[in-house]
Amino acid sequence: MNAPVARTIADRLDQLYEFEREPVSPAGLQGGARFAGLYAGEHVAATEFVIGALFVSWGARTTDVLYGLLIGNLLAVLSWALVCAPIAIRTRLTLYWYLRRIAGPGVTALYNVLNAVLYCILAGSMITVSASAVRIPFGIPAQTGWLPADPGFVVVVLGVGAVVTVLAIWGFDKLSQFATLCSPWLIAMFVVGALLTLPALAAAAGLPGIASWSDFRTVADGLVWTGTPAEGGEAVGMGQIAALAWICNIAMHLGLSDMAILRYAKRASYGLYSACGMFLGHYLAWIAAGVMGGAAALALRAPLTTLDSGQVAFEAAGLAGAVAVVIAGWTTANPTLYRAGLALQATLPGWPRWKVTLVAGALTTVVACSPFVFLRLLDFVAIYGILLAPVGGIVFVEHWLFARLGLRQFWAEGRPFNWPALVAWLATSGAALVLWRLGTVNVFYLGVPAWLAGGVLYLLAAPLAGARAAGTVPPAATSVRPALDPPPPGPRRPSLSTAGRIAAILTVGSLIACFAVALWTFLGEPAGHVERAARAKHLLAWASLLYFGAVVVWVRGRPAPS
């Protein structure tokens, strides 16, 4: 029997979504420790080296950095906990599938394509930062322009991009587990790098060492966050830094992309675990990267704008610092590229995932060849939020306000396009981009207003298009699902093998050794800090080698539940 020739547009578009349609089952819910590790691993990334150093070159002051980041990151955590997590646990759906019910498969397909392209650019920036460390043994100079100035750097980027793409194609069950276990070491390297460089900064400031908060402020105000921009422009202030920290991941929290993660949470309060990423990655790591950047510029007698992340980390912590840049780039680029491949499946439903991911990897690697990340990374992050945040505002309004205002939820379900949603999204994003290009409003201040404007415009336009039509929503369509029963207790995980226990002890011990070496250098006599720092870098390399050897054995020795 022949299949029907005619199909509706909605039916055709519906074929693009063959995964993540069902709410998470009670058995799939995860504990809080999983979210703490996930957010810490995700947000201690290679780009933290870039962003932390940018505050130095932008001429921020110490108080602006310390308090601006505190305020902005707190607002980001609250956005995850109060906006994203409640919707995620009530629907137990990804944003992509929930958005399809609200805005139609056509709007969701457009969103997925845009999301995939932006993910590729973001993953490309991670590869570029990793390549900035890999280039060092080959004597390739730092690349700080829009285009690569050395063909050798392109070769390095192609190699790094190929490795990341292959890993993403193979999948990353064990790899993501390994990346989570790498996050403590990455956090340690930021702290260790700052501790190793502070004595040199103190000596340059005429101090015998840093024995108090006042000494640190003297060094920070005079040599790191001086208030004088490297390029002679206007220095950024506390408001801009706070806004940047808030909107840096706005697509994830207010934009609701992290519904994909938080739908596994047992309760909405799990959104607070995002603090593990914000205050370890976007607070501690950014400050430590600023200290390392200021020290590297002083040691090399070069403007910070002429140095890349690999050079800064290598100058601060030696080989271990350079490896930290590579690992930080890989642990973030791999899942980011994987997500881009999944998003692109919306446009290539007949292709297997490996082929789609290969296409995404090729696009990402081409992007990575241009070192734009050192020049316009934060502009890109802000534009990323401007383009995607209004969609979160639209979903937020329909989820929470429609029923309270007498409007029908999912009133456009079954249509290929929800035109009020599409117009609200494009109009608010377009207006924000125009304001940015005109220089009317700082780009960091546009993300949250775009989110608000998208929701308000949709709320005004939807009743005109049929959201007030008579009728009821079927029970299965309600956005608030009944409370889930707790999952039954699963099988008990077998204990670690003897080798696994030894590896776990060595992993923790090597991490403690890294901190001990850094403190030994930081607290030593001023006269010998140069020699101690050089010796510490060698010891850090060996301790790091032990860490990774032990952590691999630990991961391989962790048995799965029977």
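Residues numbered from 1 in each chain as written. Predicted model: local features only at pLDDT ≥ 70, side-chain atom pairs only at ≥ 80, totals over all residues. Heavy atoms only, no water.

## A short note on the overall build of the protein chain
We apply this condition: Under the DSSP-based scheme used, a helix requires at least four consecutive residues in state H or I and a strand at least two consecutive residues in state E, with every element numbered from the N terminus. Exposure classes here rest on a 1.4 Å probe applied to the protein chains alone. A residue is buried below 20% of its type maximum, exposed above 50%, and partly exposed in between. Here a residue-residue contact requires only that any non-hydrogen atoms of the pair lie within 4.5 Å.
Helix and strand content of the protein chain: 18 helices and zero strands. Evaluated residue by residue, the protein chain yields a buried proportion of 54% over its 562 residues. Considering only contacts in the protein chain between residues 6 or more positions apart, those separated by 24 or more positions represent 85%.

## A look at the packing of aromatic side chains
What counts, and what does not: Two rings from Phe, Tyr or Trp (for Trp, the six-membered ring) form a pair when their centres sit within 6.5 Å of each other. Planes less than 30 degrees apart are called stacked, planes more than 60 degrees apart edge-to-face, and all others tilted. Any Lys NZ or Arg CZ found within 6 Å of a ring centre and within 35 degrees of that ring's normal is scored as a charge over the ring.
The full count for this structure, using the stated rule, is 19 aromatic pairs. An angle of 55 degrees between the planes, with centres 5.4 Å apart, marks the rings of Phe396 and Trp451 as tilted. Here Trp451 lies in helix 16 (residues 447-467) and Phe396 lies in helix 14 (residues 373-400), a separation of 55 residues in the sequence. Every member of this aromatic cluster is reached through a ring pair, and the members are Phe55, Trp58, Trp286 and Phe444. The ring of Phe410 has Arg101 lying over it, and the distance from NZ or CZ to the ring centre is 4.1 Å. Here Arg437 stacks its cationic end above the ring of Trp436, 5.0 Å away from the centre of that ring.

## Here's the deal with the side chain of Gln409
For clarity, the cut-off: For this analysis, a polar contact is any N or O atom pair within 3.5 Å, provided that within protein one partner can donate a hydrogen and the other can accept it, and provided that sequence-adjacent residues contribute only side-chain to side-chain pairs.
Along the chain, Gln409 falls in the loop between helix 14 and helix 15 (419-438). Here His399 takes part through its backbone oxygen, which lies 3.5 Å from a polar atom of the side chain of Gln409.

## Examining the confidence of the model for the protein chain
What counts is decided by this rule: The score called pLDDT rates the predictor's confidence residue by residue, from a low of 0 to a high of 100.
On average, residues of the protein chain carry a pLDDT of 82, and 86% of them reach 70 or more. The element-level mean pLDDT for the protein chain is lowest in helix 1 (residues 9-14), coming to 50, with helix 4 (residues 62-91) highest at 95. Predicted confidence for residues 1-7 stays below pLDDT 50, and this span has three contacts to residues more than four positions away or in other chains. Note that pLDDT drops below 50 for residues 12-19; the model gives that stretch 22 contacts with residues more than four away or on any other chain.

## Notes on the side chain of Asp258
Within the secondary structure layout, Asp258 lies in the loop between helix 9 (238-247) and helix 10 (259-262). For Asp258, a relative accessible area of 6% gives the class buried. One polar contact links Asp258 to Tyr39, side chain to side chain, over a distance of 3.2 Å. Filtering out sequence-adjacent residues up to four positions away, Asp258 remains in contact with Tyr39, Trp80, Cys84 and Met252.

## Considering helix 3 (residues 47-57)
Judged by how many residues are buried, helix 3 sits mostly within the fold: eleven of eleven residues are covered. Among the residues of helix 3, those classed as buried are Thr47, Glu48, Phe49, Val50, Ile51, Gly52, Ala53, Leu54, Phe55, Val56 and Ser57. Remark: Gly59 follows helix 3 within two positions and exhibits a positive phi of approximately 80 degrees.

## Examining unusual backbone geometry
Note: most residues except glycine have negative phi, and most peptide bonds are trans. The backbone phi angle of Arg301 is positive, close to 55 degrees, even though this residue is not glycine. Here Arg301 is to be found in the loop between helix 11 (275-300) and helix 12 (309-344). The phi torsion at Phe410 lies on the positive side, around 60 degrees, for a residue other than glycine. Relative to the assigned elements, Phe410 resides in the loop between helix 14 and helix 15.

## Digging into helix 4
At 3.6 residues per turn, the α-helix brings residues three or four places apart onto the same side. What counts here: The span expected for a helix works out to 1.5 Å for each residue beyond the first. Two axes are fitted around each residue, one to the seven residues ending there and one to the seven starting there, and the angle between them is reported as the bend at that residue.
The end-to-end C-alpha distance of helix 4, which contains 30 residues, comes to 43 Å, matching closely the 44 Å that a straight helix rising 1.5 Å per residue would cover. Of all bends in helix 4, the biggest is about 40 degrees, found at Cys84, and the proline Pro86 comes one to four residues later. Phi turns positive, to about 55 degrees, at Arg92, one or two residues after helix 4.

## Quick notes on the pattern of salt bridges
In plain terms, the rule: The salt bridge criterion pairs a side-chain nitrogen of Lys or Arg with a carboxyl oxygen of Asp or Glu, the two atoms within 4 Å.
Evaluated as defined, the whole model comprises four salt bridges. Of the charged contacts in the structure, one is a salt bridge between Arg61 and Asp64, with a shortest N-O distance of 3.0 Å. Given the relative accessible area of 4%, Asp64 is considered buried.

## Topic: the environment of Gly293
Relative to the elements of secondary structure, Gly293 occurs in helix 11. Taking the C-alpha atoms as reference points, Gly293 and Ala194, separated by 99 residues in sequence, lie 9.3 Å from one another. What Gly293 contacts, discounting residues up to four positions off in sequence, is Leu304 and Val312.

## Comments concerning the nonpolar core
In a soluble, globular protein the nonpolar side chains are often hidden away together inside. Threshold: By nonpolar core we mean a set of buried residues, namely Ala, Val, Leu, Ile, Met, Phe, Trp, Tyr and Cys, connected to one another through side-chain atoms within 4.5 Å.
The biggest cluster of nonpolar side chains holds 174 residues, and the ones touching the most others in it are Phe55, Trp185, Trp225, Tyr458 and Leu540. By residue number, the principal contributor to this core is helix 5 (residues 95-134), which donates 20 residues. Apart from the residues lying within four places of it in its own chain, the contact partners of Trp185 are Ala320, Val323, Ala324, Ile327, Leu511, Cys514, Ser544, Tyr547 and Phe548.

## A short note on a nonpolar patch on the surface
Short version of the rule: Candidate patch residues must exceed 30% relative accessible area and have no salt bridge, after which like charges are joined if within 9 Å and Val, Leu, Ile, Met, Phe, Trp or Tyr side chains if within 5 Å. The Shrake-Rupley method, run with a 1.4 Å probe, gives the accessible areas here. Residue values count only the displayed protein chains as cover.
On the surface, Tyr67, Leu70, Ile71, Leu74, Leu75, Leu78, Leu82 and Leu272 cluster together into a nonpolar patch covering about 710 Å² of accessible area. In this fold, Leu75 is placed in helix 4. The class of Leu75 is partly exposed, set by a relative accessible area of 30%.

## Focus: the environment of Met252
In this structure, Met252 sits in the loop between helix 9 and helix 10. You can call Met252 buried: its relative accessible area is 10%. Taking C-alpha positions, Met252 is 9.4 Å from Ser79, a pair spaced 173 residues apart along the chain. Non-local contacts of Met252, meaning those with residues more than four positions away in its chain, are made with Trp80, Cys84, Tyr119, Ser257, Asp258 and Tyr384.

## Examining the environment of Ala503
Of note, Ala503 is situated in helix 17 (residues 498-523). Given a relative accessible area of 5%, Ala503 falls into the buried group. If we ignore the near neighbours within four places in the chain, the residues touching Ala503 are Ala550, Val553 and Trp554.

## A look at the packing of helix 4 against helix 11
Which entries qualify depends on this criterion: Axes here mean lines fitted to C-alpha atoms, for a helix over just the part in contact, with angles spanning 0 to 180 degrees between N-to-C directions. Relative orientations are named as follows: roughly parallel for angles under 35 degrees, roughly antiparallel for angles over 145 degrees, roughly perpendicular for angles from 65 to 115 degrees, and oblique for any other angle. Handedness of a helix crossing follows the sense of rotation of the near helix relative to the far helix, less than a right angle counterclockwise being left-handed and clockwise being right-handed. In this count, Pro and Cys sit with the nonpolar residues alongside Ala, Val, Leu, Ile, Met, Phe, Trp and Tyr, while Asp, Glu, Lys and Arg are called charged and the others, Gly among them, polar.
The contact between helix 4 and helix 11 brings their axes to 9 Å, and the two run at 160 degrees. Here helix 4 lies roughly antiparallel to helix 11, going by the angle between them. Judged by the twist between their axes, the crossing of helix 4 over helix 11 is right-handed. Residues Val65, Leu66, Leu69, Leu70, Asn73, Leu74, Ala76, Val77 and Trp80 of helix 4 lie in contact with helix 11, whose contacting residues are Ala275, Met278, Phe279, His282, Tyr283, Trp286 and Ile287. For the contact of helix 4 with helix 11, the residue count by class is 14 nonpolar, two polar and no charged.

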